[in-house]
Amino acid sequence: MCGIIGAVTGEKVNQILIDGLKKLEYRGYDSAGVTLLDGSGLELYKYAHLNQSIEKLSVMPQVNDSMAAIGLAHTRWATHGVPNDLNAHPHLDCSGKLAIVHNGIIENFRELKEMLKDSGHEFISNTDSEVIAHLIEENLSLIKSEGSGADEFLRAFSMTLKALLGTFAVAVISSEYPDTILVGKNMSPVVVGLGNMGNFISSDVSAILEHAEKFVYLQDLQIAAVTKSSLKIYDFDLSGIEFAATPVTWSYKDAQKAGYETFMLKEIHEEPYAFTETLLGRSTDKLELYFDEIHFDPHELADIRKIFLVGCGTSYHSAMVAKYAIEHWARIPVELDIASEFRYRDPVLDSTTLVVGITQSGETIDTLAALNFARKSRAKVLCVTNVVGSTVTNNVDAVMFTRAGPEISVAATKSYVAQLAVLLGFSIALGRFSGVLFKSEADRYFADLQNCASMMEIALGRETSYRKLAEKFKDTRDFFFIGRHMGYPTSLEAALKLKEISYLHAEGYPAGELKHGPIAVLDSNTTVIGIATKNKLYEKLLSNLEEVRSRNARVVVVANDSDNSVSNYFDDIFYVPDTFDLFSPVVDIIPLQFLAYELAVRHNNDVDKPRNLAKTVTVE
Ligand code: M6R
């Protein structure tokens, strides 16, 4: 996710902004920029030098010598438009008098851009964000032409925010109104810091912690007008809102994790947001809405006879969920491959096959090699990745981005649910495209999919009870996770999470396979966790769990809230909200992420950096 900082003080702000950018560095970024406003107007400096942009800005004489007392800065994590200097923020309007920074996604930017182009605005970037600068400019000129004077900057800003669909934290400064930073938000975070030397805004309190004494967290659909000595907060209709500023007692390190113990915990809590962001602007009827940057003409997909899904680790588990969903909704045969095996097994590929590589980082060598092989074999190649501009995007026919934001913890959590969002949405759209689903059916499924974010919120609200239940297993060393149908990928993912961070022995198994061998190892020292949420094999899973229990293994289940009978059979239950069965992996994984987390903490492990593991595996 992008990071925003702004400062308005009685003194120079250059160092505050550069230091703030350095404090945002931990989130990961692909480009950075700063705009400084002094008596001669706005100065703009921005770079897309991987991991060096901030360093570059910090040694620029123009930045170091600036006397500006107001400015904005930004770290970018690209979603629309590759990382390059032009796409980096801040963005200017046509007049060069106002500059904006943005975090989030503007869903309706294409329509707005067309409308603004028709009115004569010229765009220089490929971002969704640049429309905001031009729309403020457009609205400002409209307000001015009506001669209605007062608060014109604020009014133009609120008019603009009301026209935006999507998620955003937007801050703007203008040489015509040189004392004020305006910032507004919907879903993306903004904190305003009030200090003795001036006032500050940021998307992350860690960036402004040392300059402010008190903080106000802006709420959705609110605007803050910030000067060096005042703060006013309004709703989008510009009615004033009362607020209370409170101190923050976090250290800088705590603040980076938004007060959570670890990045993993923070990222688990970001899952609903990652899920929602990833679905923004996508729907059921237009397959092309799933492709970013590099596009297929959807008609090219009309000839596809078979789909191969490839990935490693957690990305492989998302692929498995997608296999079930695509075959169910689009009735296209799907093969599932571990990326490191794919090219060595002589898969049968040609121009009627689509190979989809799923990789959070976009840099996993096995997945890159699998996709290169597919391309050479004349297959159509699509990648799903979380990192715009990553290597995988260089050699494919189309790209679908997840929008989970940078994931710092080695164990994948929010990127997994973001992959599920885009793959499940794509599967529904493919069902529609192939004519298998009626529009009404597809729309209903898509609405249910979007609604999973609320179900995830409910599950996250149960963190304490999940972790308390997990604590019961702190002395267990052997775990089996078993599930059927959509419970199977969840059992694999849960076992991987547990292994990775707790270093305990864990296996994920399709429950029906257990009696073909693995059941022999079960005894009273083993805990078996059944993914017993409702799907068409629910009853069969319960029978499998009985078989397990009769071998004296301890049985725990993940079950739906509406399941009134499950407590008759089992004592230890992770309850989760009900979902449509094909979407259940999105919610069912949450208690199991907390289980892995709690056991890792109990064993005093470094949760974010587990032993022997790298976030990205770039060697074969
Ligand atoms: O970046 P990728 O999605 O290609 O990474 C694939 C795996 O290395 C990754 O999912 C790994 O298994 C994670 N550490 C799982 O938590």
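Here the structure is a predicted model, which means the values were calculated and not measured.

What the domain assignment lists for the protein chain is domain 1 (3-248), domain 2 (263-460) and domain 3 (463-602). Each of domain 1 and domain 3 was reduced to a C-alpha centroid, and the two centroids are 46 Å apart.

Let us now look at the sheet that holds strand 19 (residues 478-483). Strand order in the open sheet formed by 5 strands is 20-19-21-22-23, with parallel pairing between adjacent strands. Of all strands in the sheet, those with a lone pairing partner are strand 20 (505-510) and strand 23 (572-576), marking the two edges. If you compare each strand with its neighbour and ignore which way they point, the axes differ by 20° on average. Looking at chain direction, strand 19 and strand 20 are connected through 6 bridges and run parallel. Within the sheet, the bridge partner assigned to I482 lies in strand 20 and is Y509. Sheet contacts for helix 19 (residues 584-602): strand 19, strand 21 (526-531), strand 22 (554-560) and strand 23; angle to strand 23, the most-contacted strand, approximately 130°.

The environment of the ligand is made up of 14 residues, and the closest members are S315, Q360, S361, T364 and E500. Note that an oxygen atom of the ligand is positioned 2.6 Å from one of the side-chain N or O atoms of S361. In the environment of the ligand, an oxygen atom lies 2.8 Å from a nitrogen or oxygen atom belonging to the backbone of A412. Protein burial of the ligand: of its 410 Å² of free accessible surface, 90% is covered by the chains. For the shell around the ligand, the elements supplying multiple residues, two or more each, are helix 10 (313-330) and helix 16 (487-502). Tallied by class, residues from the shell around the ligand come to 5 nonpolar, 7 polar and 2 charged. When residues of the shell around the ligand are assigned to domains, at least three fall in each of domain 2 (263-460) and domain 3 (463-602).

The residue A69 is located in the loop between helix 3 (61-64) and strand 4 (70-76) in this model. Sequence separation of A69 and D179 is 110 residues, and the distance between their C-alpha atoms is 8.7 Å. Once you skip the residues sitting within four places of it in the chain, A69 turns out to touch A7, V8, T9, G10, E11, V13 and L37.

Before going further, it helps to spend a moment on the pairing of strand 10 (residues 198-202). Extensive coverage of strand 10 is indicated by the burial of 5 of its 5 residues. Residues G198, F200 and S202 of strand 10 are buried on one face, and the alternating residues N199 and I201, pointing to the opposite face, are buried as well. In this structure, strand 1 (residues 3-9) lies alongside strand 10, joined through 5 bridges in antiparallel fashion. Note that in strand 10 the partner of A7 across the bridge is F200. As paired strands, strand 9 (residues 191-194) and strand 10 are joined by 4 bridges and run antiparallel to one another. Bridging across to strand 10, V191 finds its partner in S202.

Reading the values: rules and limits
- Residues numbered from 1 in each chain as written.
- Predicted model: local features only at pLDDT ≥ 70, side-chain atom pairs only at ≥ 80, totals over all residues.
- Heavy atoms only, no water.
- Domains from an automatic or database assignment.
- Pairing = 2+ DSSP bridges.
- Helix = DSSP H or I, 4+ residues; strand = E, 2+ residues; numbered from the N terminus.
- Axes fitted to C-alpha atoms, helices over the stretch in contact; angles between N-to-C directions.
- Contact = heavy atoms within 4.5 Å.
- Near = heavy atom within 4 Å.
- Polar contact = N/O pair within 3.5 Å; in protein donor to acceptor, adjacent residues only side chain to side chain.
- Areas by Shrake-Rupley, 256 points an atom, 1.4 Å probe, with all protein chains shown as cover.
- Nonpolar A, V, L, I, M, F, W, Y, C, P; charged D, E, K, R; others polar.
- Buried < 20%, exposed > 50% of the residue type's maximum accessible area, 1.4 Å probe, protein only.

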